[in-house]
Amino acid sequence: QTYTVAVGQHSGGGMQRREFTADQVMQALPWLARENARGKDIYIRPAENSYVLVDDLKPEGLEKLRKHGMAPAVVTETSPGNTQAWVDLGQDLSNREASAAARVLAQGAGGDRGSASYEHLGRLPGFTNQKPEHTQANGFQPFVLVRQAVQHVAERAGELIQGIRAKIADVDHKKAVAARLEEARAGMELPAPRPG
């Protein structure tokens, strides 16, 4: 299993991304801690698209996921009252499928739909959330905490994937039909009359 690890400044300046194995992530912890202490945020995501991230969830959103058979495998608290949930769908999806799954889950659970994408990264637990609005009364930033971590494929993952694939196939079919109609219309256009 490999991971994308990213280090970035909240106020801009771009994101430095690297691909690591699990062992390499552990070896990089001192470097990541230094970067975090310098005000940079630390992010991670599995390289495979079997895990889908639902960002900015409240407790009631987590309960909705569980109630609808989409219980997350990993839940991290990114600041007091805010969580990120990684839902294991049990199979590696295409980028398009993973983004669609993230949108469906974010919409259903009240998460951040703007962050619903196969490439969105989650915060790495053990490091601080550097967003200025999360500065605590003591002047420190909150640590990102693991609230749940279990090996668990969502109960209704297959159903969700099947629905997404059907929707994607329907959209592609409609686009293909529209393109063929456009080609047919273009072929039926009369040539412009010659002058005189």
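Residues numbered from 1 in each chain as written. Predicted model: local features only at pLDDT ≥ 70, side-chain atom pairs only at ≥ 80, totals over all residues. Heavy atoms only, no water.

Here we look at helix H2 (residues 29-37)
Turning to H2, its buried residues number three or more, namely Trp31, Leu32, Glu35 and Asn36. Seen along its axis, H2 keeps its buried residues to an arc of 135°; they face one direction. Among the residues trailing H2, Gly39 stands out with phi positive, at a value near 95°. (Buried < 20%, exposed > 50% of the residue type's maximum accessible area, 1.4 Å probe, protein only. Helix = DSSP H or I, 4+ residues; strand = E, 2+ residues; numbered from the N terminus. Arc of directions from axis to C-beta.)

Details of the confidence of the model for the chain
Mean pLDDT over the chain: 91, with 94% of residues reaching 70 or higher. Confidence, read as mean pLDDT per element, is least for helix H5 (residues 157-188) in the chain (87) and greatest for H2 (97). (pLDDT = per-residue confidence, 0-100.)

Some thoughts on the side chain of Asp55
Its location among the elements puts Asp55 in strand S4 (residues 51-57). Within the buried core, Asp55 has no salt-bridge partner, and the shortest N-O distance to an opposite charge, that of Lys131, equals 6.7 Å. Reaching out from Asp55, the side chain makes a polar contact with the side chain of Gln84 at a distance of 3.0 Å. A distance of 3.2 Å separates polar atoms of two side chains, one belonging to Asp55 and the other to His120. Apart from residues no more than four positions distant in its own chain, Asp55 is found in contact with Thr83, Gln84, Gly111, Asp112, Ser115 and His120. (Lys, Arg positive; Asp, Glu negative; His and termini not counted. Salt bridge = Lys/Arg side-chain N within 4 Å of Asp/Glu carboxyl O. Polar contact = N/O pair within 3.5 Å; in protein donor to acceptor, adjacent residues only side chain to side chain. Contact = heavy atoms within 4.5 Å.)

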